[in-house]
Amino acid sequence: MGSITIHKDHKWEEVQQRIRAQFNQEPDVKTALFLVGLRETGRSKGKLKKEEKMDLMNIAFCRVVSESGYFTLAGKDAKGWPVYEQVKPIPDMKSSVQEQFIRDHIIIYFQKENLI
């Protein structure tokens with residue numbers, strides 16, 4: 001299992017390097033989700049209200065975990081933003097495990113979108 005962890009850590013570093021190079025920000029899971037949300041909605045990084053940032057991160061979370069069948073794209077709302085429906089429950093997990101779960105899905109997203 002150690003080699004899988006090392007491989008995941010290496011891929012997460014690739015995601016971080018991509019974000020650092022493109023956006024000149026120190027990336028963490030929240031930053032990565034925010035940027036995925038921007039990408040998925042077509043929004044720019046300009047002035048956003050806190051609620052809009054949270055909405056972007058929620059869209060991003062739904063998008064990245066949709067790769068494992070937890071959500072499915074149901075359509076678009078009046079603003080043209082993606083709307084997701086939950087298909088299966090996300091397992092209960094400790095916060096440290098939850099962060100790794102999200103990281104793993106961000107890596108999958110970046111790979112499928114040819115971003116790393």
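All values derive from a computational prediction rather than experimental measurement. (Residues numbered from 1 in each chain as written. Predicted model: local features only at pLDDT ≥ 70, side-chain atom pairs only at ≥ 80, totals over all residues. Heavy atoms only, no water.)

Engineer: Whenever I open this one, the pattern of salt bridges confuses me. Can you help?
Structural biologist: For side chains bearing opposite charge, pairing can occur when the charged atoms are close. Tallied over the full model, the rule gives eight salt bridges. The partner of Glu14 in a salt bridge is Lys11, with the nearest N and O atoms 3.4 Å apart. With Glu14 and Lys11 both in helix 1 (residues 2-23) and three residues apart, the pair spans about one turn of that helix. Lys11 sits in the buried class, given a relative accessible area of 17%. (Salt bridge = Lys/Arg side-chain N within 4 Å of Asp/Glu carboxyl O. Helix = DSSP H or I, 4+ residues; strand = E, 2+ residues; numbered from the N terminus. Buried < 20%, exposed > 50% of the residue type's maximum accessible area, 1.4 Å probe, protein only.)

Engineer: Hey, could you run me through helix 3 (residues 50-65) in this one?
Structural biologist: Each turn of an α-helix holds 3.6 residues, which means side chains three or four residues apart point in the same direction. For helix 3, spanning 16 residues, the distance from its first C-alpha to its last is 23 Å, which sits close to the expected 22 Å at 1.5 Å a residue. Residues of helix 3 that are buried: Leu56, Met57, Ile59, Ala60, Phe61, Cys62, Arg63, Val64 and Val65. Turning to helix 3, the residues buried within the fold contact helix 2 (29-41), strand 1 (71-76), strand 2 (82-86) and helix 4 (95-112). (Expected span 1.5 Å × (residues − 1). Contact = heavy atoms within 4.5 Å.)

Engineer: Can you help me understand the nonpolar core in this one?
Structural biologist: A general tendency of soluble globular proteins is for nonpolar side chains to be buried together. Grouped together as the largest cluster of nonpolar side chains are 30 residues, with contacts concentrated most on Leu33, Ile106 and Phe110. Elements supplying a minimum of two residues to this core: helix 1, helix 2, helix 3 and helix 4. When near neighbours in sequence (up to four residues on either side) are disregarded, Leu33 contacts Leu56, Met57, Ala60, Phe61, Val64, Ile102 and Ile106. (Core = buried A, V, L, I, M, F, W, Y, C linked by side-chain atoms within 4.5 Å.)

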